[in-house]
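Listed below are the residues making up each chain.
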Amino acid sequence: MAEFQDSKISGDSSQEESKELNEQQKRAFDAVVHEKQSIYLTGPGGTGKSHIINKICSHMNEQNENYLLLSTTGISACNLKYGGETVYSVLKLGLGQSPINEIRQKMIIGHKRFCCSKKNENTDTNVHTSSVCPINRIKKAQLLILDEVSMLPGRLLYSIHRILQWIRNDRSLFGGICTLFVGDFFQLCPIFDGPLETPEFLAQEEIDPIFKETNGQKYVFQTSLWNELIQNDNVHYLEQSFRQKDDALFLEILNRMRLGQLTPNDASVLMTRQIGETEIPSHAVCLFSHVKTVNSFNERKLQSCPFPEITTHIYIDINVSQSTDEEENTQSERKLRNDFLQEKIGMFLKEKRPSETFTFRRNARIMLINNLSIINKLFNGRMGFIRNVGHYECPADETLMSSIVPEAFVQVMSEEELLSQNEWNWQANDNIVFQVEFDSFHDSADNMHWICANKVKQEYKHIGSFELTQFPFQLAWAVTIHKSQSQTLTSAVIDMQGIFEHGQAYTAFSRVTSLEGLFILNPDMTRFFVDPPVMEWELRTKNISSEKNLQMISFHLNLSDEQKTILRNLPISQVIQLLEMPDL
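Note that the coordinates shown come from a computational prediction; the quantities given were computed from them, not determined experimentally.

**Student:** Could you clarify how one ought to interpret the pattern of salt bridges in this entry?
**Tutor:** Where side chains of opposite charge bring their charged atoms close, a pairing between them can arise. Here the structure, examined in full by the defined rule, presents twelve salt bridges. One salt bridge in this structure joins glutamate 309 and arginine 361, with 3.5 Å as the shortest N-O distance. With a gap of 52 residues between them, glutamate 309 in strand β8 (residues 309-313) and arginine 361 in the loop between β10 (357-360) and β11 (365-368) connect regions that are remote in the sequence. Take arginine 361: its relative accessible area is 13%, and that puts it in the buried class. Here arginine 387 and glutamate 437 are joined by a salt bridge, their closest N and O atoms 2.8 Å apart. Of this pair, arginine 387 sits in strand β12 (residues 383-392) while glutamate 437 sits in strand β16 (residues 432-438), and the two are 50 residues apart along the sequence. A residue is classified by how much of its surface remains accessible, and arginine 387, at 24% relative accessible area, is partly exposed.

Laid out in structure tokens, this is it:
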């Protein structure tokens, strides 16, 4: 079975861990590691927020301290070096529409089922690992890290707060756990359709005024919970960009874009990167706002590859346990055990995101959907091209320890053999292997690897087990802007048609390392909009000077010269109120 092994950074002291950080990063590191403060770490895309998370996790691993590493999105959770998980799966938040009592019941049921798992018997809970019971991990954790908190609606911050209080038996904020929130409110915003008004939630509002207040809030910073835990002094800003460090002009444009302050000159520079659909570079990733557009684009690109279509099918092996007790071995009892395993398989497929089939052709553009190897830099989200197809066979005295197959084990299919059929259908367990040429990544020396299917096995005491075999790929000529979050792209095509929410355009543009690697389809300079509450929060938190206030407000309100003169020396509290007065 392919496993994702945590690698550790050598060195015993926090000074060793923090020596590669700049001053702003060191202050955030020290606040969490030494002062045990709850903080919010923020900054534009590419300023090293994930880097600090990894440094803190590395330090806590060295000190044998416990932590929870969570994120609001699967892609960002998987991209964290030390194996993050979604807050929705760990805390059983589901779609975020369950009242607290229902969430508690789900966690209790999950805890009981966990205790029935053979795999997790006698597991050491003094480590950070997704295989340890969530309730035990939460009780023992000394730090909660929540990445992409900017995509969390207010009511779910309440749910997290209450669940942590309940599990840790502590009425303090968030159960008394030190909390590191990470994100950028100027990027992708929460999905929010207004307060939930089902009978269960209305009943909860009656007995809990905190929930009533958070239920109607789109952003976490609009809640009293957030403002009680995170004071202005606990907000740590990162300003030094590492992603665009070699392109000063593009970085300046991005900084203005983030605040919705693009100048006519900025727009002119961006328009020089416009291309048509027939000019899309073969090496660039296309970013679209909608899944339907992504799937359609990938299918068209796949059909243009001049090689036979290859379809691999996920292989599922279910083993229902036999019982020596005749009463427990009846047909109805076996059906109950089988239904339980089928339910677990469905949950696994939904969480891990593989489709049941993967169809591609040689030279197809793909993206990894699992972390395979830190040493080889083969992580979720890394992209490449399938160059060859082959069969592999392990010698009798050898065992594959991961999905990376040594070239000596591979027999490559010749082009004649590959073209001998119009299409190929294989089960994922047919010892098929694909040679992937991955895009260059920092100091990675070897970018060509033979990749076989992942094998994942889950066992449940007295119930049975299942094993899934699948290829860890998805087509990736195009991905959604949401899936690109937390990625660094050297070359990307951004389609501005269909961009529909605050921060979406900035999120897409800030993935790219340089203007040279940026290509724009259907440019529309009106799509760089900022949600007024986010601008309010920025002004209030940073306590920006009155001159800067005027500059920022001018981009969001249609101000005359006379109005600018009046505003110039207003206190910040009055300036913030103006954002809510479009008829000024």
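Still to come is the rest of the account.
**Student:** When you look at the environment of proline 281 in this model, what are you seeing that I'm missing?
**Tutor:** One can find proline 281 in the loop between α13 (264-271) and β7 (285-288). Spatially, the C-alpha atoms of proline 281 and alanine 492 are 8.8 Å apart, while their sequence positions differ by 211 residues. Sequence-distant contacts of proline 281, defined by excluding residues within four places in its chain, comprise Ile275, Val493 and Phe519.

**Student:** Help me understand the packing of helix α12 (residues 248-258) against α13, please; the structure alone is not making it clear to me.
**Tutor:** For any two helices packed against each other, the geometry comes down to the angle between their axes and how far apart the axes lie. Where α12 meets α13, the axes come as close as 11 Å, and the angle between the chain directions of the two elements is 120°. Between α12 and α13, the angle is such that the two are oblique. Considering how the two elements wind past one another, α12 and α13 form a crossing that is left-handed. Facing Leu249, Ile253, Arg256 and Met257 of α12, the residues of α13 in contact are Asp266, Val269 and Leu270. In terms of residue class, the contact of α12 with α13 is made up of five nonpolar, no polar and two charged.

**Student:** Please clarify how the pairing of β7 should be interpreted in this entry.
**Tutor:** Moving residue by residue along a regular strand, the side chains alternate between the two faces of the sheet. Burial along β7 is two-sided: Val285 and Leu287 facing one way and Cys286 and Phe288 facing the other are all buried. Bridge count between β7 and strand β22 (residues 492-495): three bridges; the pairing is parallel. By the bridge assignment for β22, leucine 287 is matched with isoleucine 494. The sheet contact formed by β7 and strand β21 (residues 478-480) spans three bridges and is parallel. Following the sheet pairing, leucine 287 is matched in β21 by valine 479.

**Student:** Mind showing me how you'd approach the nonpolar core here?
**Tutor:** When a protein is soluble and globular, its nonpolar side chains tend to lie buried together. Membership of the largest hydrophobic core comes to 47 residues, with the highest contact counts inside it found for Tyr40, Leu91, Ile160, Phe181, Phe185 and Trp226. When residues in this core are grouped by element, the largest group, seven residues, is from helix α8 (residues 154-168). Discounting residues that sit within four places of it in the chain, phenylalanine 185 has contacts with Tyr40, Ser150, Tyr219, Val220, Phe221, Trp226, Val534 and Trp537. The next biggest cluster of nonpolar side chains, apart from the first, holds 40 residues, and it includes Phe307, Leu372, Trp426 and Ile432.

**Student:** Before we go on, may I ask you to explain helix α14 (residues 291-303) in this structure?
**Tutor:** Every α-helix winds through 3.6 residues per turn, so residues three or four apart in the chain are directed the same way. For α14, built from 13 residues, the straight-helix expectation of 18 Å at 1.5 Å per residue is met to within 8% by its first-to-last C-alpha distance of 18 Å. For α14, the complete set of buried residues consists of Val294, Phe297, Asn298 and Leu302. Buried residues in α14, looked at end-on, bunch into an arc of 135°, giving them a common side.

**Student:** How should I be thinking about the sheet that holds strand β5 (residues 178-183) in this particular structure?
**Tutor:** Note on sheets: strands pair through backbone hydrogen bonds, and any given pair is parallel or antiparallel. Strand order across the open sheet formed by six strands is β3-β2-β4-β5-β1-β6, with parallel pairing between neighbours. Strands with a single pairing partner mark the edges of an open sheet, and in this sheet they are β3 (85-86) and β6 (235-237). As defined by bridge partners, strand β4 (residues 143-147) adjoins β5 across four bridges and the pair is classed as parallel. Each bridged residue has a counterpart across the sheet, and for leucine 143 the counterpart in β5 is cysteine 178. The strands touched by helix α3 (residues 49-62) are β1 (39-42), β2 (67-71), β4 and β5; relative to β4, the strand with the most contacts, the crossing angle is about 160°. Lying on the sheet, helix α19 (residues 532-542) is in contact with β1 and β6; it crosses β6 at an angle near 95°.

**Student:** Quick question: what am I supposed to make of the environment of valine 512 here?
**Tutor:** Relative to the elements of secondary structure, valine 512 occurs in the loop between α18 (504-509) and β23 (518-521). Contact partners of valine 512, with chain neighbours within four places excluded, come to Arg243, Gln244, Phe250, Leu489, Thr490, Ala492, Ile494, Gly517 and Leu518.

**Student:** I keep staring at the sheet that holds β7 and nothing clicks. Help me out?
**Tutor:** With parallel pairing, four strands are arranged side by side in an open sheet as β21-β7-β22-β23. Two strands close off the open sheet at either side, each with one partner strand: β21 and β23. Within this sheet the neighbouring strands show an average axis-to-axis angle of 25°, counted without direction. In this fold α14 packs onto β7 and β21, with an angle of close to 170° to the strand it touches most, β21.

**Student:** I would appreciate a short explanation of the side chain of threonine 480 in the present structure.
**Tutor:** As for its placement among the helices and strands, threonine 480 is situated in strand β21. For threonine 480, a relative accessible area of 10% puts it in the buried group. The residues contacting threonine 480, other than those within four sequence positions of it, are Phe288, His290, Val291 and Val294.

**Student:** I tried to follow unusual backbone geometry on my own but got confused; where do I start?
**Tutor:** For residues other than glycine, phi is negative in most cases, and the peptide bonds are mostly trans. Of note, asparagine 431 is a non-glycine position whose phi angle comes to about 60°, a positive value. As for its placement among the helices and strands, asparagine 431 is situated in the loop between β15 (423-427) and β16. Phi at asparagine 522 is positive, roughly 50°, even though this residue is not glycine. With respect to the helices and strands, the residue asparagine 522 is situated in the loop between β23 and α19. Look at asparagine 522 and you get partly exposed, because its relative accessible area is 36%.

Cut-offs used in this document
- The residue numbers shown here count from 1 along each chain, following its written sequence.
- Totals for whole chains, interfaces and linings use every residue, but because this is a predicted model, local features are given only for residues with pLDDT of at least 70 and side-chain atom pairs only at 80 or more, for both listing and counting.
- Excluded from the side-chain calculation are hydrogens and water; included are all heavy atoms of the structure.
- For this document, the term salt bridge refers to a Lys or Arg side-chain nitrogen within 4 Å of an Asp or Glu carboxyl oxygen.
- Strands here are runs of E lasting at least two residues and helices are runs of H or I lasting at least four, both read from the DSSP assignment and numbered beginning at the N terminus.
- A simple rule labels every residue: compare its accessible area, found with a 1.4 Å probe on the protein chains alone, to the largest value its type can have, and call it buried under 20%, exposed over 50%, or partly exposed in between.
- Contacts are assigned to residue pairs with any non-hydrogen atoms lying within 4.5 Å of each other.
- Every axis in this analysis is a line fitted to C-alpha atoms, fitted for helices over the stretch in contact. Angles between the N-to-C directions lie between 0 and 180 degrees.
- Between 65 and 115 degrees an angle is taken as roughly perpendicular, under 35 as roughly parallel, over 145 as roughly antiparallel, and anywhere else as oblique.
- The sense of a crossing depends on the near helix, which, turned anticlockwise from the far helix by less than a right angle, makes the crossing left-handed and, turned clockwise, makes it right-handed.
- Only Asp, Glu, Lys and Arg are considered charged, only Ala, Val, Leu, Ile, Met, Phe, Trp, Tyr, Cys and Pro nonpolar, and every remaining residue, Gly among them, polar.
- Strands qualify as paired when DSSP identifies two bridges or more between them.
- As used in this record, nonpolar core signifies buried Ala, Val, Leu, Ile, Met, Phe, Trp, Tyr and Cys residues forming a set joined through side-chain atoms within 4.5 Å.
- Multiply 1.5 Å by the residue count of a helix minus one, and that product is the helix's expected span.
- When we speak of the arc, we mean the arc of directions from the helix axis to the C-beta atoms.

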